[in-house]
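Inside the fold
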Amino acid sequence: LVAAGRRPKTSTMNLEAAGVDVDTKTRLICVSKSLQTSASHIYAAGDCCTLQQFTHYAALMGGLAIRNALFPLSETPTEVIPRVTFTTPEVASVGLSEAEARERGCDIYSQPSDKNERAICESDVHGFMDVYVDKSGKIVGACLVNNRAGELLSELCVAIRNKIPFQNLGLSSVVHAYPTYSWSLSMLASDVYFDRFSKSASAKIAKFITRH
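Because the structure is predicted, anything quoted here is derived from the model rather than measured.

Scoring rules and cut-offs
- Residues numbered from 1 in each chain as written.
- Predicted model: local features only at pLDDT ≥ 70, side-chain atom pairs only at ≥ 80, totals over all residues.
- Heavy atoms only, no water.
- 1 Å grid on protein atoms, 1.4 Å probe; cavity = no way out; pocket = protein on both sides within 12 Å on 5 of 7 lines; lining within 4 Å.
- Points joined across faces, edges and corners; volume = space filled by probe spheres on them.
- Helix = DSSP H or I, 4+ residues; strand = E, 2+ residues; numbered from the N terminus.
- Nonpolar A, V, L, I, M, F, W, Y, C, P; charged D, E, K, R; others polar.
- Expected span 1.5 Å × (residues − 1).
- Buried < 20%, exposed > 50% of the residue type's maximum accessible area, 1.4 Å probe, protein only.
- Contact = heavy atoms within 4.5 Å.
- Pairing = 2+ DSSP bridges.
- Axes fitted to C-alpha atoms, helices over the stretch in contact; angles between N-to-C directions.

Topic: empty space enclosed by the protein
- Going through the model one piece at a time under the given rule, you end up with one cavity of 30 Å³ or more.
- In this model, the largest cavity occupies a volume close to 60 Å³.
- Along its surface, the largest cavity is lined by Gln111, Pro112, Ser113, Asn116, Ala119, Phe128, Met129, Asn146, Tyr181 and Ser184.
- Secondary structure elements with two or more residues in the lining of the largest cavity: strand E3 (107-112), strand E4 (128-133) and helix H5 (181-198).
- Class assignment for the residues of the lining of the largest cavity results in five nonpolar, five polar and no charged.

Listed below in structure tokens is the structure:
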């Protein structure tokens, strides 16, 4: 596998003359969280100032840069930016990586694609779905590999942005259509619910009552 990235073509723009600082290593335009450059009247957005080179992120940054140039109020969000590589199968992720999640003591919940009936019907059985959950039940990251990974990631992005506990995407809270790829997400969320319930005081009381 050979992969190559991109660097912004900023070296010929004479940005230094305008007082705009450029990173000497990456050639990225240096910006603040509000996308303001070192020249206070100049803002930048998109691939010229971020290593997260995604069209959807550039679109968001462009809107924020225009707004901040007129009304400097908003910071650029960085924690809920979906990352999708459109291979076959697709590879999608958001938030923390698995290594970062483990380092923070988060729980890793996983489900292989061969447990999803829709994926089986489409011969898409070599992927997986991993969701990283902190001690409060909030999603801190995810990695999906299947033919619908980019689409599935959207629901997780909404949950992260609105601080919705992962278990609240389970069958007892939200009914997903069957057979779909999203059904697998619902089942994994349900697994989280039962896993956390089994460790709760209510579960211990229920076990005590059934034994006596």
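Focus: helix H4 (residues 149-161)
- Over its 13 residues, H4 runs 18 Å from end to end, which matches the ideal 18 Å to within 8%, given 1.5 Å per residue.
- Of all the residues in H4, the buried ones are Ala149, Gly150, Leu152, Leu153, Leu156, Cys157, Ala159 and Ile160.
- On its buried face, H4 sits against strand E1 (83-85), strand E2 (90-95), E4, strand E5 (139-146) and H5.
- Looking at the residues trailing H4, positive phi occurs at lysine 163, about 55 degrees.

Things to note about unusual backbone geometry
- Of the consecutive residues threonine 88 and proline 89, the connecting peptide bond is found in the cis state with omega at 5 degrees.
- Tracing the backbone shows proline 89 in the loop between E1 and E2.
- Non-glycine residue leucine 35 carries a positive phi angle of around 75 degrees.
- With respect to the helices and strands, leucine 35 occurs in the segment before helix H1 (55-70).

Remarks on the sheet that holds E1
- With antiparallel pairing, five strands are arranged side by side in an open sheet as E1-E2-E5-E4-E3. The open sheet has two edge strands with one neighbour each: E1 and E3. Taken over all neighbouring pairs, the strand axes of this sheet differ in orientation by 10 degrees on average, direction set aside.
- Pairing of E4 with E5, which is carried by six bridges, proceeds in the antiparallel orientation. Opposite methionine 129, over in E5, you have leucine 144 as the bridge partner.

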